[in-house]
Amino acid sequence: MSAESASAIHRNQVDLSDFIDWSGVECLNQSAAHSLPNALKQGYREDDGLLLESDADEQLLIYIPFTQVVKLYALVVKGPEEEGPKTVKLFSNREHMGFSNVNDFPPSDTAVLSEDNLKGKPVVLKYVKFQNVRSLTIFIEDNQSGSDITKVQKIVLHGTTVETTDMKGLKKVEDH
Amino acid sequence: MVLEATMICIDNSEWMRNGDYSPSRFQAQADAVNLICGAKTQSNPENTVGVLTMAGKGVRVLVTPTSDLGKILACMHGLEIGGEMNLAAGIQVAQLALKHRQNKKQQQRIIVFAGSPIKHDKKLLEMIGRKLKKNSVALDIVDFGEEDEGKPEKLEALLAAVNNNDTSHIVHVPPSPNALSDVLISTPIFTGDGEGGSGYAAAAAAAAAVSGFDLGVDPSLDPELALALRVSMEEERARQEAAAKKAAEEAAKPEKGGEQQPSSQDATMTEGASGSASEADNKKDDLMDDENALLQQALAMSMDDTTSGHDVRDTDMSEAATDDPDLALALQLSVQEGDKDSSGQTDMSKLLADQSFVSSIIASLPGVDPNDPSVKDLLASMQNQSQQKKDEDKGPNEEEKQ
């Protein structure tokens, strides 16, 4: 699996979790006991037992601001076969989104996840649409089985930061 | 220390003019809002509170969520009462205001003061509730004021749709001499979910409203005692609520049964009271107004109680009349006469018709001259009255008793 993802993702692409502005991260309709950090934070997300679960119905709305401008290349969403997410819509630079206005804007990209995707195969996005991303909104519209609860084990964002395209910035990140 | 953004929805409909919560429903509500704002902003420096009104021309946001307590308090002045409350719109506007909060880390909470009847369907409220839940908004409801049919159920349904891990609460506050804000102090709406330590919240309460804390204990010095007091207050409040509910149910029951009862008892009481009323009039002409008011009250009480049966009526009446022995005597007389047999009313009227008896009573009263012309006139007119009344009240089957 790791070999597969490594081959699918270009060498220059890095895991963007280091550039997430955690103080601004928001997830709507998450269950209080199974919250977003379980799926998004390094360490927690590697554990398949720690899940992000939806609460009132199957939809989830995740807002992720970044500390700097990034380019988004690919997305990994891992989940169980039954309750894993199916239709995922991505919006770049849309703040203050809610379930009520999620259909008011055209998504930057829409992905329908397959079984392979749920096991960890990255979904390559329309790269040109995500060249200048300050914040990303992930809207999980439904899940594979149509049940009331959606479960997500892992969310990984691959891309590059605009600054780290030059080598100086890249070194600075590696120092951490 | 919950980091929270709160929107408070105020009910400023016409129903808020009622004075059953001192000094008025609206003022009581304003006090409670001030108290909650103080507590919220002090429990965490980054907490923000906003205020909107649900009635009037439409839902109006007075302050968007801010941590500036002065701004919040200032907006509460000069609010106009008018129109009807639109709960659904109010909650949705509040949710919109919370959605655009600056600090996304803040939990969202809406506090609704619902003092007027709710015209919306239960279904609509539940739908709004689910929407709030989906958007991770907690909802606190203060149910006070109007107690029309179905209001508590609607609010409970709304709360049930929102509630997630017991973060939302509802408080029913029946009218009582205690200020609305004092009642709220002991509730989870005010103290939060108890995460920050109740003593802390109580201290905030004391700071926010200097006279607000009436337990006589400084909660910052002895948080355990404060907690114990708060718990007992909560229990007492729950007990009172239950008692009020029970009383309301009991009052509803006999009313239905009582309506079918024959009206002969009512007639007895009317005559008895008119007799005693005229005696009282004779006795104290100068105090007539006060006396009349008292009598009216006693009469009303006894009339009410006839519906719930003899025993209750008798005891109630004696209680009502303890501070006026003459009145007690008169009432007792009328009741006893009424109880002796079914023709009690005739006896009573006869008794009153007997001028010598009445004048002997009047003569025995201190400070009343039976020969006074005004008293004589009154007696004469009273006799006529009772005669007329007797004729009216009598059924044809009782004619032989006249």
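Residues numbered from 1 in each chain as written. Chains lettered and ligands numbered in written order. Predicted model: local features only at pLDDT ≥ 70, side-chain atom pairs only at ≥ 80, totals over all residues. Heavy atoms only, no water.

> Explain the overall build of chain A here, please?
When its secondary structure is counted, chain A shows four helices and 10 strands. Put simply, chain A runs from its N terminus to its C terminus through helices and strands in the order α-β-β-α-β-β-β-β-α-β-β-β-β-α. Of all 176 residues assigned to chain A, the portion counted as buried reaches 49%. Of the contacts formed within chain A by residues at least 6 apart in sequence, a portion of 80% connects residues at least 24 apart. (Helix = DSSP H or I, 4+ residues; strand = E, 2+ residues; numbered from the N terminus. Buried < 20%, exposed > 50% of the residue type's maximum accessible area, 1.4 Å probe, protein only. Contact = heavy atoms within 4.5 Å.)

> Hey, could you run me through the packing of helix α3 (residues 87–99) of chain B against helix α4 (residues 122–134) of chain B in this one?
The geometry of a pair of packed helices is captured by two quantities: the angle between their axes and the separation between those axes. Residue and element names in this part refer to chain B. Between α3 and α4, whose axes approach to 10 Å, the crossing angle comes to 10°. One element, α3, and the other, α4, form an angle in the roughly parallel class. Each of Leu87, Ala88, Ile91, Gln92 and Gln95 in α3 lies in contact with α4, whose residues at this interface are Leu124, Leu125, Ile128, Lys131 and Leu132. Residue composition of the contact of α3 with α4, by class: seven nonpolar, two polar and one charged. (Axes fitted to C-alpha atoms, helices over the stretch in contact; angles between N-to-C directions. Parallel < 35°, antiparallel > 145°, perpendicular 65-115°, else oblique. Nonpolar A, V, L, I, M, F, W, Y, C, P; charged D, E, K, R; others polar.)

> Got a minute to help me understand unusual backbone geometry in this structure?
When glycine is set aside, most residues are seen to have a negative phi, and most peptide bonds are trans. The amide bond that connects B:Ser22 to the next residue, B:Pro23, takes the cis arrangement and shows omega of -10°. As for its placement among the helices and strands, B:Pro23 is situated in the loop between β1 (4–10) and α1 (25–43). Backbone geometry at A:Asn93 places phi at a positive 55°, although glycine is not the residue there. As for its position among the elements, A:Asn93 is in the loop between β5 (87–92) and β6 (109–112). Looking at A:Asn93, the relative accessible area reads 28%, which means it is partly exposed. With a phi close to 60°, B:Asp166 is a non-glycine residue in the positive phi region. By secondary structure assignment, the location of B:Asp166 is in the loop between α5 (151–162) and β6 (169–172). The class of B:Asp166 is exposed, set by a relative accessible area of 60%.

> Mind showing me how you'd approach the interface of chain A and chain B here?
Size of an interface: often given as the accessible area lost when the parts come together. Listed per partner, the contact involves 18 residues of chain A and 12 residues of chain B. When the area that chain A buries against chain B is broken down by residue, the three leading residues are A:Glu26, A:Asp55 and A:His96, summing to 37%. Between chain A and chain B we count two salt bridges in total. The closest approach of N and O atoms between A:Asp57 and B:Lys134, which form a salt bridge, is 3.0 Å. At the surface where chain A touches chain B, the tally comes to six residue pairs in polar contact (both at pLDDT 80 or more). Across the side of chain A that touches chain B, the residue classes break down as seven nonpolar, eight polar and three charged. (Buried area = accessible area lost by both parts, 1.4 Å probe. Salt bridge = Lys/Arg side-chain N within 4 Å of Asp/Glu carboxyl O. Polar contact = N/O pair within 3.5 Å; in protein donor to acceptor, adjacent residues only side chain to side chain.)

> Help me out: how do you make sense of the confidence of the model for chain B in this one?
Where the model shows low pLDDT, its predicted coordinates should not be examined in detail. Residues and elements named next belong to chain B. On average, chain B scores 75 in pLDDT, and the residues at 70 or more come to 59%. Across residues 257–284, where pLDDT falls below 50, the model places 55 contacts with residues more than four positions away in sequence or in other chains. Confidence drops under a pLDDT of 50 for residues 395–402, and excluding neighbours within four residues, the segment shows eight contacts in the predicted structure. Listed scores for the predicted complex are pTM 0.60 and ipTM 0.73. (pLDDT = per-residue confidence, 0-100.)

> It is not clear to me how the packing of aromatic side chains should be interpreted in this structure. Could you clarify?
Evaluation of the coordinates by the stated rule reveals four aromatic pairs over all chains. Ring plane angle 65° and centroid distance 6.2 Å describe the contact between A:Phe99 and A:Phe139, whose orientation is recorded as edge-to-face. In this pair, A:Phe99 sits in the loop between β5 and β6 while A:Phe139 sits in strand β8 (residues 133–140), placing the two residues 40 residues apart along the sequence. As far as the burial class goes, A:Phe99 and A:Phe139 line up, both buried. An angle of 85° between the planes, with centres 5.5 Å apart, marks the rings of B:Tyr21 and B:Phe144 as edge-to-face. Of this pair, B:Tyr21 sits in the loop between β1 and α1 while B:Phe144 sits in the loop between β5 (137–143) and α5, placing them 123 residues apart in sequence. The burial state of B:Tyr21 is the same as that of B:Phe144; both residues are buried. In this structure, A:Lys41 is placed above the aromatic ring of A:Trp22, and the distance from its NZ or CZ to the ring centre is 4.9 Å. One residue, B:Lys134, lies across the ring of A:Phe99, its end atom 4.2 Å from the ring centre. (Phe/Tyr/Trp six-rings, centres within 6.5 Å; stacked < 30°, edge-to-face > 60°. Lys NZ or Arg CZ within 6 Å of the ring centre and 35° of its normal.)

> In this structure, what is going on with the packing of α4(B) against α5(B)? I would like to understand it.
Residues and elements named next belong to chain B. Taken N-terminus to C-terminus, the directions of α4 and α5 make an angle of 25°; their axes are 7 Å apart at the nearest point. One finds that α4 runs roughly parallel with respect to α5. Crossing of α4 against α5: the hand is right-handed. On the side of α4, the interface is formed by Lys122, Leu125, Glu126, Gly129, Arg130, Leu132 and Lys133, while α5 contributes Glu153, Lys154, Ala157, Leu158, Ala161 and Val162. Its residues assigned to classes, the contact of α4 with α5 comprises six nonpolar, one polar and six charged. (Left-handed = near helix turned anticlockwise from the far one by under 90°.)

> Help me understand the pairing of strand β4 (residues 107–114) of chain B in this model?
Side-chain positions along a regular strand alternate between the two faces of the sheet. Residue and element names in this part refer to chain B. By the criterion of burial, β4 is predominantly enclosed, with seven of the eight residues buried. Note: β1 against β4, six bridges, orientation parallel. Bridge assignment links Ala5 to a residue of β4, and that residue is Gln108. Where β4 meets β5, seven bridges bridge the pair, whose relative direction is parallel. Residue pairing in the sheet places Val112 in a bridge with Ile141 of β5. Crossover handedness for the path β4 to α4 to β5: right-handed. (Pairing = 2+ DSSP bridges. Right-handed = clockwise from strand over helix to strand, strands pointing away.)

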